[in-house]
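Summary of the model geometry
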Amino acid sequence: MTANDSEDLRPLCRDDAAFEQLKQVLQQRETSREQCWIDMARQTQRTQALEAQRRAAEAASQAKSRFLAMISHELRTPLNSILGLSALLSRQVVGPLNSKQVEYLDYIHGSGEHLLAIISDILDLSKVEAGQEHLRLSPVSLAELCQACLAMMQPRAAEKGLELVYRAKAPSPTTCIADERRLRQMLLNLLSNAVKFTAQGQVTLTVQSRAALVEFKVEDTGIGIPADQLEQIFQPFTQIDRGLDRQYEGAGLGLALTRQLAQIHGGHLRVTSAVGQGSCFVLCLPAHGPEGSSADLQTVGAVPMGGGGHRLVVVDSDLDHHRALVAYVRACGWQVNGCRSWAEVHQHLKTHSPHLLIVGDREACNPALDNHLQQLRPPLVPQPIKVVILRPAAATDCSPLADAYIDLPLTIPKLERMLSL
């Protein structure tokens, strides 16, 4: 308010003292209004700065996830050869080995599998954080899956003298809709941690229904977790035992990954624990799958594996890192041909009728893959050809025209499953 505006108010005042008092009140209000505008401007600046920091943090997180995914994939490619060839040598397919050679090969293979587990966890976590994880949902037989997970953990538990117990509490669910591979991964992470941090006693896996949820409870009699660290253990690369000379190995990714996989399933993971008395991890998942999802069944029938003139074709731009695959398949009596392009594949089909076609992980990303696979169906070829795609680690989807998908790196059981198609 200007001086002239103030003078217009003088007739409304009974005397000069009242007029001066009015001017002071108006001046205070004007000052207060100006301060309010200043505060609003500062708040706007702070909000904009925080928003810029948030966008920068999100961009950095996405860049980190892309970097981890790329590096992890590049590390898994040479591991494919290390694991495959060491497994072949251990089976003595190229000649007999002495006991020391077998011991060293077992150590190489075990170390390779340990490294693969760490790399896989890093890659899986980066995919989940980047929002690139797509669930492959199907009905899962819970009793069968839980028994299989306990069987996988039995050797490690036996080494420590631990008892593994499975309980199905009433009301006991028989199936749930989930990504079976991811559900197995979550249960194995929880069971592995329980066995790792338990010196004596038992580890118990309990399954039961709670309303529309399926509850998986993993209890142990191990070292327990301090109350102030119950949330920290779900942070990536975090372990209770942090020293360089720590007793328990691992990258500290399992629980972080398990919680995030539970969340994208529409569930949750919680823990209760007491130091020296053990821990209890509870994984809850919707019995009918994530809200708004539908089950995508992916089942493949199998026939007995055979050789005796069976032909197999591998197509990929880089055939070198499929040496272990080729060596094993030939050791099984198959005839193997490698093609670096689809033109070579079609040229080969003019004179031969392979039983199986393997699409390498690099060729699996070819945008024209569906068109190429369509040409492998009758009447374009005299007889049907089974197609297996070696699925790259970072792939979110593959051609629906394949008969099976095999996640890299290849192992002997995966190869045997492939040859039994």
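Here the residue numbers are simple positions, counted from 1 along each chain's written sequence. Totals for whole chains, interfaces and linings use all residues, but because this is a predicted model, local features are given only for residues with pLDDT of at least 70 and pairs of side-chain atoms are given and counted only at 80 or more. As a convention, hydrogens and water are excluded, and side-chain values are obtained from all of the structure's heavy atoms.

This brings us to unusual backbone geometry. Between Ala170 and Pro171 the backbone carries a cis peptide bond, its omega angle lying at -5°. A run of H or I in DSSP becomes a helix once it reaches four residues, and a run of E becomes a strand once it reaches two; helices and strands are each numbered from the N terminus. Turning to its location among the elements, Pro171 is positioned in the loop between strand 2 (163–168) and strand 3 (175–179). Residue Pro379 is reached from Pro378 by a cis peptide bond, and omega for that bond is 5°.

Glancing now at a nonpolar patch on the surface. A residue counts toward a patch only above 30% relative accessible area and without a salt bridge, and it is joined to like-charged neighbours within 9 Å or, for Val, Leu, Ile, Met, Phe, Trp and Tyr, to nonpolar neighbours within 5 Å. Shrake-Rupley sampling with a 1.4 Å probe provides the accessible areas, and residues are treated as covered by the protein chains on show and by no other component. For this document, the term salt bridge refers to a Lys or Arg side-chain nitrogen within 4 Å of an Asp or Glu carboxyl oxygen. Where nonpolar side chains cluster on the molecular surface, the patch consists of Phe67, Met70, Ile71 and Leu75 and spans about 370 Å² of accessible area. Tracing the backbone through its elements, the reader meets Leu75 in helix 2 (residues 16–90).

To continue, consider the pattern of salt bridges. Summed over the entire model, instances satisfying the criterion amount to eight salt bridges. Between Glu30 and Arg33 there is a salt bridge; the shortest N-O distance is 2.2 Å. Here Glu30 and its partner Arg33 are both found in helix 2, three residues apart, which amounts to about one turn of the helix. Measuring nitrogen to oxygen at the nearest pair gives 3.5 Å for the salt bridge that ties Glu51 to Arg55. In this pair, Glu51 and Arg55 are both assigned in helix 2, four residues apart and thus about one turn of the helix distant. A residue is classified by how much of its surface remains accessible, and Glu51, at 29% relative accessible area, is partly exposed. Three or more residues joined by partner-sharing salt bridges are found here, namely Glu51, Arg54 and Arg55. Each residue is placed in one exposure class: buried if its accessible area under a 1.4 Å probe, protein chains only, is under 20% of its type's maximum, exposed if it is over 50%, and partly exposed if it falls in between.

Okay, the sheet that holds strand 2 next. Strand pairing is assigned whenever DSSP detects at least two bridges linking the two strands. Pairing within the open sheet is mixed, and its five strands lie in the order 2-4-5-7-6. Pairing within the sheet leaves two strands with one partner each, and these edge strands are strand 2 and strand 6 (268–274). Within this sheet the neighbouring strands show an average axis-to-axis angle of 15°, counted without direction. The pairing of strand 6 with strand 7 (residues 278–286) spans seven bridges and is antiparallel. Bridge assignment links Ser273 to a residue of strand 7, and that residue is Ser279. In this analysis, two residues are considered to be in contact whenever any of their non-hydrogen atoms come within 4.5 Å of each other. Note on method: axes are straight lines fitted to C-alpha atoms, helices fitted across the in-contact stretch only, with angles between N-to-C directions ranging 0 to 180 degrees. Across the face of the sheet, helix 4 (residues 142–159) comes into contact with strand 2, strand 4 (202–210) and strand 5 (213–220) while running at roughly 170° to strand 2. Helix-sheet contacts for helix 5 (residues 180–196) involve strand 2, strand 4, strand 5, strand 6 and strand 7, and the interaxial angle to strand 7 is about 175°.

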